[in-house]
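In case you want the letters, here they are:
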Amino acid sequence: PGPMVMVVQPDYPQSNSGEKGADLSEILRFHLEHTKAALAREPKTDLVVWSETMMPPLNASAIERLHDPSGSTLPEVAQGRIDALAERSGAAFLVGGMYWDGWVDRGAAGWRQTQERNSAYFFVPGPSGATLRYDKVHLVPFGEYIPFQTTFPPLYHLLLTFSPYPKDYIWLTPGAPDALTVFSLRSGWRFVTPICFEDLDGPLLRRMFQPPPGQTRKRADFIVNITNDGWFRFSEMPQHLQAAIFRSIENRAPTARSVNTGISGFIDSVGRTYGLVPAGRGGVSIARVDPDERLTFYTRFGDVFAYICAALTALMAARAIGEWWKQRGQAKE
């Protein structure tokens, strides 16, 4: 049997400018209270998952620069309480939060970050705290960055005029394409964490699972997707879940999803959903995730089948054009 995983769904609406329906202290309170209550019901939980960008920046440089001698700041409070809860419960925590760095001293105005990332922080029981982090690699155009900044600056500045963000808004920095962090539980189970719409990117998920050269064991045993779909109001939530199903099927890897506003829950390695929390409702779901050792053709070789189909189609089209050209020449004669 695989690990017991808890996914928490807070259900906070989000505006187009990035403002959530509550401040971060209220969001932290919600997650702590509901997680504690759920852990009391299922004390053998191995992993607790909180959705994308629900926490303040939790990296060491942010906590250091934001420190206030007169009292604890929210990042310090959040890190301390997550650490303490992980220690008491014995469960690991994966939480979505920001990463701030590139600090500039503005004198009396204090420190200001110049770099932000969309990150997943992994807390393990014990004094080590958030020892591992995954930074989102595949950013969403226009939502997390404006394209063409360096390749076509005039078009970039034109697109910037349509943005709901202020001119001094800090666009996100992507993680390194090869920094596909694999997190490990104490039980030995391993997982990867595509953030938000990264689980729509089949080739990216395949690279997260593809075995190193000469090996046949997948890099991870299951997927944990943390998402904030609070931007959307209509059918995007079930569509995102439907897309996530294909990633589990392609790699024969179960998925646990923690989604602000939904749909949170679980997908097994053949695409069947279970333990779902409906969209537009706060709640918690706990279920066992059963890994699947099968290494699929797609995980091993990628889109080879699609390339073969495309090549055959191109050959057939070329042959048809050749036959047409030949008949056209004969007709002229």
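Residues numbered from 1 in each chain as written. Predicted model: local features only at pLDDT ≥ 70, side-chain atom pairs only at ≥ 80, totals over all residues. Heavy atoms only, no water.

## Some thoughts on the overall build of the protein chain
Argument step 1. Within the protein chain, the regular secondary structure consists of eight helices and 14 strands.
Argument step 2. In terms of principal-axis extent, the alpha carbons of the protein chain reach across some 95 × 55 × 40 Å.
Argument step 3. Of all 333 residues assigned to the protein chain, the portion counted as buried reaches 45%.
Argument step 4. In the protein chain, once contacts between residues fewer than 6 apart in sequence are set aside, the share between residues at least 24 apart is 67%. (Helix = DSSP H or I, 4+ residues; strand = E, 2+ residues; numbered from the N terminus. Buried < 20%, exposed > 50% of the residue type's maximum accessible area, 1.4 Å probe, protein only. Contact = heavy atoms within 4.5 Å.)

## Structural notes on the side chain of glutamate 144
Argument step 1. Counting through the fold element by element, glutamate 144 comes out in the loop between strand E7 (130-135) and helix H4 (153-160).
Argument step 2. Engagement of the side chain of glutamate 144 in a polar contact is seen with the side chain of asparagine 118, the distance being 3.2 Å. (Polar contact = N/O pair within 3.5 Å; in protein donor to acceptor, adjacent residues only side chain to side chain.)

## Considerations on the packing of aromatic side chains
Argument step 1. A full pass over the atoms with the stated rule returns ten aromatic pairs.
Argument step 2. Taken together, a centroid distance of 5.7 Å and an interplanar angle of 90 degrees make the contact between tryptophan 50 and phenylalanine 93 edge-to-face. On the criterion of sequence distance, the pair formed by tryptophan 50 in strand E2 (residues 47-55) and phenylalanine 93 in strand E3 (residues 92-101) is long-range, its members being 43 residues apart. As far as burial versus exposure is concerned, tryptophan 50 and phenylalanine 93 are alike and both buried.
Argument step 3. Taken together, the aromatic side chains of Phe122, Phe183, Phe191 and Phe222 make up a single cluster linked through ring pairs.
Argument step 4. Across the ring face of tryptophan 111, the terminal group of arginine 65 is positioned such that the distance to the ring centre comes to 3.9 Å. (Phe/Tyr/Trp six-rings, centres within 6.5 Å; stacked < 30°, edge-to-face > 60°. Lys NZ or Arg CZ within 6 Å of the ring centre and 35° of its normal.)

## Describing a nonpolar patch on the surface
Argument step 1. Taken together, the side chains of Phe297, Phe301 and Phe305 define a hydrophobic patch exposed on the protein surface, amounting to about 370 Å² of accessible area.
Argument step 2. In this structure, phenylalanine 301 sits in helix H7 (residues 297-301).
Argument step 3. The exposure class of phenylalanine 301 is partly exposed, given its relative accessible area of 44%. (Patch = residues over 30% accessible without salt bridge, like charges linked within 9 Å, V, L, I, M, F, W, Y side chains within 5 Å. Areas by Shrake-Rupley, 256 points an atom, 1.4 Å probe, with all protein chains shown as cover. Salt bridge = Lys/Arg side-chain N within 4 Å of Asp/Glu carboxyl O.)

## Let's talk about the sheet that holds strand E10 (residues 222-228)
Argument step 1. Taken in spatial order, the six strands of this open sheet run E8-E9-E10-E11-E12-E13, and their pairing is mixed. For this open sheet the edge positions go to strand E8 (183-184) and strand E13 (273-277), each flanked by a neighbour on one side alone.
Argument step 2. Looking at chain direction, E8 and strand E9 (residues 190-192) are connected through two bridges and run antiparallel. When the sheet's bridge partners are listed, serine 184 is paired in E9 with arginine 190. (Pairing = 2+ DSSP bridges.)

## A few points about the pattern of salt bridges
Argument step 1. A complete count under the given rule lists nine salt bridges for this structure.
Argument step 2. For the salt bridge of glutamate 33 with arginine 29, the shortest nitrogen-to-oxygen distance reads 2.6 Å. Of this pair, glutamate 33 and arginine 29 are both found in helix H1 (residues 24-41), four residues apart, which corresponds to roughly one turn of the helix.
Argument step 3. Among the residues examined, glutamate 33 registers a relative accessible area of 43% and is labelled partly exposed.
Argument step 4. A salt bridge links glutamate 250 to arginine 247, with the nearest nitrogen and oxygen atoms 2.9 Å apart. One end of the pair is glutamate 250 and the other is arginine 247, both in helix H6 (residues 236-251) and three residues apart, which spans about a single turn.

## Some details on the side chain of asparagine 260
Argument step 1. Here asparagine 260 shows up in strand E11 (residues 255-260).
Argument step 2. In this structure asparagine 260 touches Pro10, Asp11, Tyr12, Ser51, Met54, Thr227, Asn228, Asp229 and Gly230, once residues within four positions along its chain are discounted.

## Thoughts on unusual backbone geometry
Argument step 1. The linkage connecting glycine 262 with the following residue, isoleucine 263, adopts the cis geometry, with an omega of 10 degrees.
Argument step 2. Locating isoleucine 263 in the fold gives a position in the loop between E11 and strand E12 (264-267).
Argument step 3. Phi is positive for threonine 53, which is not a glycine, with a value near 55 degrees.
Argument step 4. By relative accessible area, threonine 53 is classed as buried at 13%.
Argument step 5. One non-glycine residue, phenylalanine 148, lies in the positive phi region at around 75 degrees.
Argument step 6. Tracing the chain through its elements places phenylalanine 148 in the loop between E7 and H4.

## A few points about the environment of serine 70
Argument step 1. Considering the arrangement of structural elements, one finds serine 70 in the loop between helix H2 (60-65) and helix H3 (74-89).
Argument step 2. Judged by relative accessible area, which is 66%, serine 70 ranks as exposed.
Argument step 3. In terms of polar contacts, serine 70 uses its side chain to reach the side chain of aspartate 68, at 2.8 Å.

## Here we look at the pairing of E10
Argument step 1. For E10, a buried count of seven out of seven residues is recorded, marking the element as mostly surrounded by other parts of the structure.
Argument step 2. Burial along E10 is two-sided: Phe222, Val224, Ile226 and Asn228 and Ile223, Asn225 and Thr227, pointing in opposite directions, are all buried.
Argument step 3. What joins E9 to E10 is helix H5 (residues 202-209), and the crossover it makes is right-handed.
Argument step 4. For the segment spanning E10, H6 and E11, crossover handedness is right-handed. (Right-handed = clockwise from strand over helix to strand, strands pointing away.)

## Some words on the environment of isoleucine 82
Argument step 1. In this fold, isoleucine 82 is placed in helix H3.
Argument step 2. Residue contacts for isoleucine 82: discarding those within four places in its chain leaves Trp50, Met55, Phe93, Val95 and Phe123.

## Digging into the environment of threonine 73
Argument step 1. Tracing the chain through its elements places threonine 73 in the loop between H2 and H3.
Argument step 2. For threonine 73 and isoleucine 63, which are ten residues apart along the polypeptide, the C-alpha to C-alpha distance reads 8.1 Å.
Argument step 3. For threonine 73, the residues in contact, after removing those within four places along its chain, are Leu66, His67 and Asp68.

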